[in-house]
Amino acid sequence: MQGVDPAWLPDEAFRPIGTRRTLIRGSGPLVDTVHGEVAEACGRFGGSVSRDSAAAPEPGPYDLVLELTGTEGGETYTFGRGDGRTTVTASGASGLLYGLFHVVRLGEAAFHGGDRQREQHAPALALRMLDHWDNVAVHPVMGQVERGYAGGSLFWADGRARGELLGRVRAYGRLLAACGINAVAVNNVNVHEAEARLLTDRIGEVARIAGALRPYGIRTHLSVTFAAPMVLGELPTADPLDEAVRAWWAEATARVYEAIPDFGGFVVKADSEGQPGPFAYGRSHADGANMLGAALEPYGGTVHWRAFVYDHRQDWRDRRTDRARAAYDHFVPLDGQFAGNAVLQVKHGPMDFQVREPVSPLIGAMPRTRLAVEMQATQEYTGQQRHVCWLGPLWSEVLRFRPDGVPVADLADAMVAVSNVGDDPFWTGHPLAQANLYTFGRLAWQPDADPGAILDEWIRLAFGPGPSSGLHAVLDGSWRTYEKYTAPLGVGWMVQPGHHYGPSVDGYEYSPWGTYHFADRDGIGVDRSVTTGTGYAGQYSKWWAEVYESPDTCPDELLLFFHHVAYGHVLRSGKTVIQHIYDTHFEGVEEVEAAQRVWAGLADLVGPARHARVAELHEEQLRSAREWRDQINSYFLRKSGVPDAHGRRIY
Ligand code: GCW
């Protein structure tokens, strides 16, 4: 794509394949894709590719054999070396595609060394999905991409699906396949008027997008409004138990599958932040999800039902209501009632993608319900793609967390991330935010992978070997750096209301959103203990409930999420809370300054366009980090009256 950053698939990454002799065996559209990739690389670098769709093995002098042995849709492949030849074998076409990208990732190493036992590679999670919060029409408040920081939508422009520009969508599908993602939802979960029609009279536009993604094994999903039968069908109700409503959904869904035979399913945000849902009819969320499940069932589709349900019109004076409790309280009683093709999509934390939250207690608490864990690649609360904030370690911690012995990754059926991509030439606005997208895909494939190794893999693919240690240094600790200069010790928020960028300690303190820190002259934090607080800590299994219940055992980084403590409370680190706040805020800014210096030293290694974009954004990150430091430190100095032990400048 001209003028578009190649991200982790630069031409150079295909050189090891493109200089060799490849045989491709098998047929079908995805095999055509694989063939096209190899042929293009050979055209560029001088190698050759043969295609043999017959079953008999062909002896020729090949360096690489990519063979499809079956006809299923499986994603597994084996990789091995013997007789001087590298072989990828898959029984499903997607597996062959993933095997090709495996060879690309290995580079020259795929072709060297002696015999290599066949290794089998299979994704840990069957569904690895990106949700786009893209609006078709530009929304007056939220713009085109809600919480989007990478320009306009990749899919929609001028109020409709991109026409001739769908080449970019195909290129996007290619990038996604190369990190293991296999599903995309193409519109915002807040479904406005124009977007509601995608389900019916505008399904042809969705079909065009699906057509551009299909060659890379990606299935398309649609966010739908629960009120669709009223909005689009002119029915008087959207009651999920009403026969006419059920018939309407069945018919609408049938037409969707006529247009898109491999359609993935629906994503639904119901009874959440003003979106319609089953509560209006006295029905449960299982009733709602199952109605859509029934409509999708004949075609093998899935309904992703989001658990982000809470009271967003809370009275800040009311200390009994705790937003963190809401998802668990709403959904746990429904365990066992959801249909087999309904997946409950749960945000990884109980609040809303803050830089630090405990893992949602809903995860693991519904053993008879299929689970999708939702992450946020778009950096709404983590610097809006103006700050470097690589989220690999956060996601990895979530996936390794054991709610009751079993890691989150093993409890989940699917992993979903809110996409951070737009029509920006670097895809993600901040060029280094690509690392989040890549890491998400790779972790969804293999959740116990070392995130640092994934980071290095991305760096090597996207930048080559030159700048690797410098880039690693800039990204690796960036999430913890961001945490240091923003809201402390798990308390969250303290952002500017509405757009959520930059500090405002009391921005949400007296708001109806249920997001409070309760700082006064003596202390700070939310008491979520069972003994004296909201009882939230009791939503965990016994072991974690006990850990979180007491400030003495609660991990420091979550202390203020679970407890209200005095500024002089001594952390497990040995520091007081107030001194921790001061120290981390000074350190956070220093770490940004250090990263900026490292980046300056990479000027000759990363290409001028990327270098300039990141350098420019670093300036903004530094300005913003200083603003955070000074507002947070000044606020707490003024509230507490406790001076900084090191006498540094606080305003
Ligand atoms: O993080 C919050 C965002 C909303 C978003 C909502 C959700 C799409 O501020 O913009 O709406 O979560 O996840 O539904």
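Residues numbered from 1 in each chain as written. Predicted model: local features only at pLDDT ≥ 70, side-chain atom pairs only at ≥ 80, totals over all residues. Heavy atoms only, no water.

Novice: Would you mind going over the sheet that holds strand S7 (residues 127-131) in detail, with residue names and values included?
Specialist: Taking strand neighbours around the barrel as the criterion, the 8 strands line up as S7-S12-S13-S14-S15-S16-S17-S18 in a closed arrangement whose pairing is parallel. Across the sheet, the axes of successive neighbouring strands diverge by a mean angle of 25 degrees, strand direction being ignored. Sheet topology places strand S12 (residues 183-185) next to strand S13 (residues 219-223); 3 bridges connect them, and they run parallel. When the bridges of S13 are listed, alanine 185 appears paired with histidine 221. (Pairing = 2+ DSSP bridges. Helix = DSSP H or I, 4+ residues; strand = E, 2+ residues; numbered from the N terminus. Axes fitted to C-alpha atoms, helices over the stretch in contact; angles between N-to-C directions.)

Novice: So, the UniProt feature "domain: Glycosyl hydrolase family 67 C-terminal" (unreviewed entry) in the protein: which residues are in play, and what are the values?
Specialist: Annotation from UniProt places "domain: Glycosyl hydrolase family 67 C-terminal" (unreviewed entry) at residues 428-648. Measuring from the first to the last C-alpha atom of residues 428-648 gives 37 Å, for a span that is 50% helix and 2% strand. (UniProt positions renumbered as here; feature names shortened; annotations may be inferred.)

Novice: Could you give an account of the domain arrangement of the protein, with specific residues and numbers?
Specialist: When the domains of the protein are assigned, the result is domain 1 (11-121), domain 2 (127-312 + 320-454) and domain 3 (484-526 + 564-640). With centres defined by C-alpha atoms, the gap from domain 1 to domain 2 works out at 33 Å. Counting residues at the interface gives 11 residues for domain 1 and 14 residues for domain 2. A buried area of about 1,000 Å², summed over both sides, lies between domain 1 and domain 2, and 51% of it is on carbon and sulfur atoms. Contact with domain 2 buries surface across domain 1, with Tyr98, Phe101 and Arg105 losing the most and accounting together for 46% of the total. At the junction of domain 1 with domain 2, the criterion picks out 2 salt bridges. Ionic pairing is found between arginine 174 and glutamate 37, a salt bridge with its closest N-O pair at 2.6 Å. Inspection of the domain 1/domain 2 interface yields 7 residue pairs in polar contact (both at pLDDT 80 or more). (Domains from an automatic or database assignment. Contact = heavy atoms within 4.5 Å. Buried area = accessible area lost by both parts, 1.4 Å probe. Salt bridge = Lys/Arg side-chain N within 4 Å of Asp/Glu carboxyl O. Polar contact = N/O pair within 3.5 Å; in protein donor to acceptor, adjacent residues only side chain to side chain.)

Novice: Go over the sheet that holds strand S1 (residues 21-25) with me, naming the residues and quoting the values.
Specialist: Read from one edge to the other, the open sheet built from 6 strands follows the order S2-S1-S3-S5-S4-S6, with strand pairing classed as mixed. The open sheet has two edge strands with one neighbour each: strand S2 (48-52) and strand S6 (116-121). Taken over all neighbouring pairs, the strand axes of this sheet differ in orientation by 15 degrees on average, direction set aside. Where strand S4 (residues 77-82) lies against S6, 4 bridges are found, and the strand directions are antiparallel. Its bridge partner being in S6, threonine 78 is matched across the sheet by glutamine 120. Lying on the sheet, helix H2 (residues 29-45) is in contact with S1, S2 and strand S3 (64-72); it crosses S2 at an angle near 160 degrees.

Novice: Please provide a residue-by-residue account of the site of the ligand, values included.
Specialist: Close to the ligand lie 14 residues; Glu146, Lys269, Arg306, Lys347 and Glu380 are nearest. In the model, an oxygen atom of the ligand is placed 2.5 Å from a nitrogen or oxygen of the glutamate 146 side chain. Lysine 269 is positioned such that a nitrogen or oxygen atom in its side chain is 2.6 Å from an oxygen atom of the ligand. Summarising the interface, the protein chains cover 97% of the accessible area of the ligand, which totals 340 Å² for the free molecule. (Near = heavy atom within 4 Å. Areas by Shrake-Rupley, 256 points an atom, 1.4 Å probe, with all protein chains shown as cover.)

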